[in-house]
Amino acid sequence: MSIVALIVTALMLLPVSQTDPEVSLSQGQARGRLEQDIQVWRGLPYAQPPVGEGRWKPPGPAPTWTGLRDASTHGAICVQPPANGDPGVGPLPMSEDCLTLGVWSPAERTGPLPVMVWIHGGGYNNGSGTADLYDGANLARRGVVVVSINYRLGRLGFFDHPALAAERTDGELAGNYGVMDQIAALQWVRDNIAAFGGDPTNVTLFGESAGGVAVTQLMIAPAARGLFHRAVVQSGLGRQRSAELAMVRPGRPSAQALGTSFARSVDLPEATAVQLRALPPERLLTPMPAFFTDNLIVDGGVLTEDVVQAFEAGRQAPVPLILGTNSAEFWWIKPNDPSAYGRSDDGLTLAEHDALITAYGGVQAYEGGIVSDLIFNEPVRHLARLHARAGYPTWLYRFDVVPESNPEPSGGATHASERPYVFDNLHTVGRPMQDRDERAAEAMAGYWTDFARTGDPNGGNRPAWPTAGGQGDPLLEFTNDGPVAKPMPFAERLDLIEVFQVRSR
């Protein structure tokens, strides 16, 4: 029997109340659900619904209510394109009224518990905190309180236009509405999580892909400072350059220029704020904004600089940090693909290109790995070095677990494939999993929850995870045979990429 199964069995033998839990919040009273040994609340609003005049406005105060609110079901997912089988998207309905969160807490607990706040990925265009993949029960069974949030996506969450700028008051925040939502959710956690048994002075942020980017953005956002105390970045880029709100950067149009182009595409060349807010939300989905070029904004208020600039200057949050990548992140994107990711190597000189071909061992290996290394692997090494250099505890990982039931053409672990292991929710992947997968999930969930508890992922009988920043950039690699401490692989090609990254800025 696995350790998790033993824990679950032990918890189920404890005297657990058989009634659904009720909680008193600053907004009112809410009734959740008792699901075996875990208390669950779903669909709790953490900010005013951003509808009508609230579209493209900072999130307002959380609504209040009278009576006992039913918090047994998730709220609507935020407006987004069809899920197309993405397990990181919860069920319909879909609505602009989507700023809700879920909470999972052990029914039996003593003293305040560590809190883990999940920020889902999806390129800031899709995803939700309501997906079964992100159910927090199995993490909560390890003695933490889990929170999973929704936040505005796409053009509803990351957008500006001169007509919107004209109506704003001096100092009003703009552009990064999705990041503002994330901050509002963290403020709600600070003010309310004690009612669920959580410790507001011990909050861990963790997120994947765009959610990992969100974690790094919150690490440099002035308004988020002090709202969390540890951070985990799963495949969260690192060297991306954002659009300015109104100023055109070399090679990057401003957010307002992008907004103007979109307005023209919907036959509003002289759009007013009223006309933009009158657009049906589904109309804002086409053409879908690109995460790498459209949804990353330095607005001057919420985010005042790019993540890499802040880390290089030591201006990030001084918190313990785990960060890492998967072994075959974007293996399917080739350097000649007509996308921002495919163009990421366009600035290489001939000498740099030839040196990298040699380092990869040939053209085929280069085409299969250069995009992943440019977008994920070298940038995450850079952020880890910078954070460790600033004197903050830092741990690197590489995820290389591949289920026998789903062998990847690349031979490695593709982007986002670590999520069911982190949440110990292998049952959500829709295919048989092996004992080795169960062991990997047990290890990852154990490292993550111990990190939330103490600020150090090490504990129990798991292999020791070395801190980052030393000789060889030590990391922990999650393999089919278990976690292994080792130097970061492929250092030679990452060193060549680092030179290119620095030169091309």
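All values derive from a computational prediction rather than experimental measurement.

What is the right way to read empty space enclosed by the protein from this model?
The method is simple in principle: a probe with the dimensions of a water molecule rolls over the atoms, and the space it marks as empty is what remains. A full pass over the atoms with the stated rule returns four cavities of 30 Å³ or more. By volume, the largest cavity is sized at about 70 Å³. For the largest cavity, the lining is made up of 13 residues, of which Leu153, Gly154, Arg155, Leu284 and Leu285 are closest to its centre. Taken together, the residues of the lining of the largest cavity sort by class into nine nonpolar, three polar and one charged. Here the second largest cavity defines a volume of roughly 60 Å³.

What is the right way to look at unusual backbone geometry in this model?
Keep in mind that most residues, glycine aside, have a negative phi and that most peptide bonds are trans. Look at the link from leucine 92 to proline 93: it is a cis peptide, with omega at 15 degrees. Mapped onto the fold, proline 93 is located in the loop between β5 (68-70) and β6 (100-106). Cis geometry is adopted by the peptide bond preceding proline 287, which originates at threonine 286 and carries an omega value of -10 degrees. As for its placement among the helices and strands, proline 287 is situated in the loop between α8 (273-278) and α9 (291-294). Residues other than glycine seldom take positive phi values, yet asparagine 84 does so here, at roughly 55 degrees. Relative to the helices and strands, asparagine 84 resides in the loop between β5 and β6.

Looking at this model, I keep getting lost on the packing of aromatic side chains. Mind explaining?
The description of two aromatic rings rests on the distance between their centres and on the angle between their planes. Per the stated rule, a full pass over the model turns up 28 aromatic pairs. For the pair tyrosine 124 and tyrosine 151, a centre-to-centre distance of 5.9 Å together with 80 degrees between the ring planes defines the contact as edge-to-face. Of the two residues, tyrosine 124 is situated in the loop between β7 (113-119) and α2 (137-140) and tyrosine 151 in the loop between β8 (145-149) and α3 (154-157); the sequence distance between them amounts to 27 residues. Exposure class is identical for tyrosine 124 and tyrosine 151. Each is buried. Members of the aromatic cluster, joined through ring pairs, are Phe292, Phe330, Trp331, Trp332, Tyr341 and Phe376. Its guanidinium or amino end placed over the ring of tryptophan 56, arginine 55 lies 5.4 Å from that ring's centre, counting from NZ or CZ. A cation over an aromatic ring shows up here: arginine 493 above the ring of phenylalanine 490, its NZ or CZ 3.9 Å from the ring centre.

Looking at this structure, how should I read the layout of surface pockets?
Considering only enclosed or pocket space, the largest pocket measures out at about 1,100 Å³ in volume. Every residue lining the largest pocket is counted, 46 residues in all, and those nearest its centre are Asp86, Trp332, His415, Ala416 and Arg419. For the lining of the largest pocket, the secondary-structure elements that each account for two or more residues are α9 and α13 (419-422). The element best represented in the lining of the largest pocket is α13, accounting for three residues. Approximately 810 Å³ is the volume found for the second largest pocket. Taken together, 24 residues line the second largest pocket, and the ones lying closest to its centre are Arg241, Arg252, Phe292, Ser344 and Ser504. Among the elements of the structure, α9, α12 (363-389) and α15 (491-504) are those that each provide at least two residues to the lining of the second largest pocket.

Is there a simple way to explain the sheet that holds strand β15 (residues 321-326) in this structure?
The pairing of strands in a sheet comes from backbone hydrogen bonds and takes either a parallel or an antiparallel form. Overall, mixed pairing links the 11 strands, which are arranged β3-β4-β6-β8-β7-β11-β12-β15-β16-β17-β18 in an open sheet. One side of each edge strand has no neighbouring strand; the edge strands of this open sheet are β3 (33-35) and β18 (482-487). Ignoring which end each strand starts from, the neighbouring axes of this sheet average 20 degrees apart. Examined bridge by bridge, β7 and strand β11 (residues 198-208) share six bridges and lie parallel to one another. Its bridge partner being in β11, isoleucine 119 is matched across the sheet by glycine 207. Across the sheet, helix α5 (residues 177-192) is in contact with β4 (38-45), β6, β7, β8 and β11; its angle to β7 comes to roughly 165 degrees. Across the sheet, α12 lies against β15 and β16 (394-399), angled at about 165 degrees from β15, the strand it touches most.

What am I meant to see in the side chain of histidine 382 here?
Along the chain, histidine 382 turns up in helix α12. Since its relative accessible area comes to 11%, histidine 382 is described here as buried. A polar atom in the side chain of histidine 382 sits 3.0 Å from the side chain of glutamate 312. With near-sequence residues (within four places) excluded, histidine 382 lies in contact with Arg239, Val308, Glu312 and Glu498.

Explain the state of the cysteines to me, please; I cannot follow it from the model alone.
Joining two cysteines, a disulfide is a covalent bond between their sulfur atoms. The tally for this structure, following the rule as stated, stands at one disulfide. There is a disulfide in this structure between cysteine 78 and cysteine 98, and the S-S distance comes to 2.1 Å. The sign of the 95 degrees torsion about the S-S bond sets the cysteine 78-cysteine 98 disulfide as right-handed. Pair noted here: cysteine 78 is in the loop between β5 and β6 and cysteine 98 is in the loop between β5 and β6, with a separation of 20 residues, a long-range link. When its relative accessible area of 2% is taken as the criterion, cysteine 78 is described as buried. Judged by its relative accessible area of 1%, cysteine 98 is buried.

Would you mind going over the nonpolar core with me for this structure?
Side chains of nonpolar character tend, in soluble globular proteins, to be buried together. If you look at the biggest cluster of nonpolar residues, it comprises 107 residues, and the most contacted ones within it are Leu44 and Phe228. A total of 10 residues in this core trace back to one element, the largest contributor, which is α12. Core analysis: the second largest hydrophobic core is formed by 40 residues, Leu133, Val146, Ala441 and Ala443 among them.

Thresholds applied
Residues numbered from 1 in each chain as written. Predicted model: local features only at pLDDT ≥ 70, side-chain atom pairs only at ≥ 80, totals over all residues. Heavy atoms only, no water. 1 Å grid on protein atoms, 1.4 Å probe; cavity = no way out; pocket = protein on both sides within 12 Å on 5 of 7 lines; lining within 4 Å. Points joined across faces, edges and corners; volume = space filled by probe spheres on them. Nonpolar A, V, L, I, M, F, W, Y, C, P; charged D, E, K, R; others polar. Helix = DSSP H or I, 4+ residues; strand = E, 2+ residues; numbered from the N terminus. Phe/Tyr/Trp six-rings, centres within 6.5 Å; stacked < 30°, edge-to-face > 60°. Buried < 20%, exposed > 50% of the residue type's maximum accessible area, 1.4 Å probe, protein only. Lys NZ or Arg CZ within 6 Å of the ring centre and 35° of its normal. Pairing = 2+ DSSP bridges. Axes fitted to C-alpha atoms, helices over the stretch in contact; angles between N-to-C directions. Contact = heavy atoms within 4.5 Å. Polar contact = N/O pair within 3.5 Å; in protein donor to acceptor, adjacent residues only side chain to side chain. Disulfide = S-S within 2.5 Å. Core = buried A, V, L, I, M, F, W, Y, C linked by side-chain atoms within 4.5 Å.

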